[in-house]
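# Structure at a glance
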Amino acid sequence: MIPSANTPPSGYLVPPPEILAVVDAPPQPSLSFSPDRSLMLELHRPPPLPPVAELARDELKLAGLRIDAGITSRSRMGHYTALSVVKLGEGVVVPAAEAKKLGMNSSAVEVEVTGLPEGCGINFVTWATDGKRIAFTVRAVDDGVGGEEDGEKSTSSSSNKKRLERGPLSLWVADVATGQARCVLENLATVLDDYAWCSDTEIVALRIPQSRGEAPKRPPVPLGPRIQDNSHAGKSQGRTFPDLLRDEHDDELFEHYCTSDIVKVDVVSGEVTALTGEGGNEGSSPSSPSPSPLHPSRLYSGISPSPDGRYLAVSWIERPFSRQFPAGRFPRVTQLWKLHTKSSDGKEEPLGAFAAEVAKLPLADDIPIAMDSVRKGPRSLGWRADKDACMYWIEAQDGGDPNVEVRRRKVGSFFVFFRFFLFHFFSFTFFLSFSAHAFPIQFQPLVTQVDPRDIVYSWEADDAAAFAASPEGKGVYPPSSKSSSSPLAPLRIAETKLRCGGFAWGDEDLALLYESRYKDRRSITWAFSPGEAEKEARAGR
């Protein structure tokens, strides 16, 4: 067929320059402030619409995650294009560079981060605890000009810097004073988590195992039928989730791309020390020493150093996986490992030595579909910001179901029955007057909501390690439902009638606790003293 004059051209059409200038106008930079609030980091962003080449990349849909296999990270991530540090002062206007062009910010000091590869994307930007360094990840991004997929290396006409090849993310650190950046670790595994500062000069990060080979390939012939087992006769509600695991091959792919090692990086010397990897002991504990590294490669889903850098909270995912639920509901273990600690005799302990097991959660296949439903067992585990090394977590007392109602108390049941009797035989007005004077007991219905619905626990890491090493602890977390008279056991510091939504930690005299109920959109914020709560919990033992 011969195309006519009205036949549209093939390929994508470009709008007029006036519209293109509006659509591709770079947005305002994001801002991040140093810990002491004396410096401001400008994170410059690209145009809001990504190139088609970036959107067209293949992505793996596994366990509710969408993974870019080429970079071992989440697919279709946004990114920053450049970083600059600005010293805060009176009348500072951002963006600082644009403000200077307009004759503003004449006294503002701006330091651009330099030394980065051309055409790179910046993600996961964080400040060091002392505010002297900035850490971030670098990866190749496709600007639509091509050359990445076939391994070509292009150069800019205005620079001799080589274009970054597409591959796993790398960890970079920049000096705030000079802006000079350098790579400190390559081959990051950032599907489940990325990295965290554990001191002013040290970082713990997840790295792709050095022994990882090629991704498993799907067998040309199915190995068997897809079987779903409900022999335990359990009945539970379930939502519909996208991108779930479908068969054993998906299980293998999920393990391949989510398995990682934990390493500690000294950003000054560049020394990299492995906490996990080949030769690691699957059952490492204080009573079963093993050669370094102490732990094997796993599906590590979280690494969080304590504020003082002496402990590391580590979480990982375990089998069995599920075909009905995403990765967030898979079995999960959380342990405390030791960093930079010494034993009682003054000897340096191995890096990553086991301290305590905080939680061991099974597959969460019974969470109701109602709003405010949560997982059974410890949830929202984290470090208290007001202490050097103290963990906290929340546990539901209603089995995670906000619709559960239980009988709260039996005392006064006779008076309750008698008042119901009066209600049926007297007028409403007379009943209220008579009840208020004759029966000062507060009216209680026979069935009420759970009270408390959530309990908040706090546990000093040193106490956890000592408890785990004691005969009572036996190396694992003591169930909160069973009271313990041990002075090393977790402390019960707060209770909520609604669903606890988290904390904002200040100091030992002030913290904010949030609780809410979706059903009637009720939300409450409490101010309380964590220090006083701990004293009361210890006195109540």
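Residues numbered from 1 in each chain as written. Predicted model: local features only at pLDDT ≥ 70, side-chain atom pairs only at ≥ 80, totals over all residues. Heavy atoms only, no water.

### Side note on the environment of Asp-58
Note the cut-off: The secondary structure listing takes helices from DSSP runs of H or I that are at least 4 residues long and strands from runs of E that are at least 2 residues long, numbered from the N terminus. Accessible area is worked out with a 1.4 Å probe on protein chains only. A residue is then buried under 20% of its type maximum, exposed over 50%, and partly exposed in between. For this analysis, residues touch if any pair of their heavy atoms sits within 4.5 Å.
Among the structural elements, Asp-58 can be located in the loop between α2 (52-55) and β3 (60-62). Accessibility expressed as a relative area gives 69% for Asp-58, which makes it exposed. Linking Asp-58 and Gly-70, residues 12 residues apart in sequence, is a C-alpha distance of 9.0 Å. Residue contacts for Asp-58: discarding those within four places in its chain leaves Ile-67 and Asp-68.

### Brief notes about a nonpolar patch on the surface
Filter applied, for reference: For patch detection, residues must exceed 30% relative accessible area and be free of salt bridges, and they are connected within 9 Å for like charges or within 5 Å for nonpolar side chains (Val, Leu, Ile, Met, Phe, Trp, Tyr). The Shrake-Rupley method, run with a 1.4 Å probe, gives the accessible areas here. Residue values count only the displayed protein chains as cover. By definition here, a salt bridge exists when the distance from a side-chain nitrogen of Lys or Arg to a carboxyl oxygen of Asp or Glu is within 4 Å.
Taken together, Leu-31, Phe-33, Leu-88 and Val-94 make up a surface patch of nonpolar side chains, about 290 Å² in accessible area. Locating Phe-33 in the fold gives a position in strand β1 (residues 30-33).

### Let's talk about the side chain of Arg-379
Among the secondary structure elements, Arg-379 is positioned in strand β20 (residues 378-383). Residue Arg-379 is classed as buried on the basis of its relative accessible area, which comes to 11%. Residues in contact with Arg-379, not counting those within four places in the same chain, are Val-374, Trp-393, Ile-394, Glu-395, Ala-396, Asp-454, Arg-499 and Cys-500.

### Quick notes on helix α8 (residues 530-539)
Note the cut-off: In this description, the arc belongs to the directions extending from the helix axis to the C-beta atoms.
Every buried residue of α8 is listed here: Pro-530, Gly-531, Ala-533, Glu-534 and Ala-537. Viewed end-on, α8 has its buried residues packed into an arc of 160 degrees, placing them on one side of the element. Seen from the open side of α8, the exposed residues pointing more than 90 degrees away from its buried face are Lys-535, Glu-536 and Ala-539. Where the residues of α8 are buried, they touch β21 (390-396), β24 (454-460), β25 (491-496), β26 (499-507), β27 (510-517) and β28 (522-528).

### Observations concerning the pairing of strand β19 (residues 353-361)
Our working rule: Two strands qualify as a pair provided that DSSP identifies no fewer than 2 bridges between them.
Burial of β19 is extensive: eight of the nine residues sit out of reach of the surface. By the bridge criterion, seven bridges tie strand β18 (residues 332-338) to β19 in an arrangement that is antiparallel. When the sheet's bridge partners are listed, Thr-334 is paired in β19 with Ala-359.

### Here's the deal with the nonpolar core
To keep things clear, this is the line we draw: Working definition of a nonpolar core: buried Ala, Val, Leu, Ile, Met, Phe, Trp, Tyr and Cys residues. They are joined through side-chain atoms within 4.5 Å.
Counting 19 residues, the largest nonpolar core has Tyr-311, Leu-336, Trp-383, Met-391 and Ala-461 as the members making the most contacts within it. For this core, the secondary-structure elements that each account for two or more residues are β17 (311-317), β19, β21, β24 and α7 (461-469). Counting 18 residues, the second-largest nonpolar core is a separate cluster that includes Val-85, Ile-122, Trp-127 and Val-176.

### Concerning the pattern of salt bridges
Evaluation of the coordinates by the stated rule reveals 27 salt bridges. One salt bridge in this structure joins Asp-398 and Arg-499, with 2.9 Å as the shortest N-O distance. One end of the pair, Asp-398, is in the loop between β21 and β22 (405-406); the other, Arg-499, is in strand β26, with 101 residues separating them in the sequence. In this structure Arg-499 comes out as buried when scored by relative accessible area, which is 6%. Among the charged side chains, a salt-bridge network with shared partners connects Arg-384, Asp-386, Lys-387, Glu-460, Glu-508 and Glu-534.

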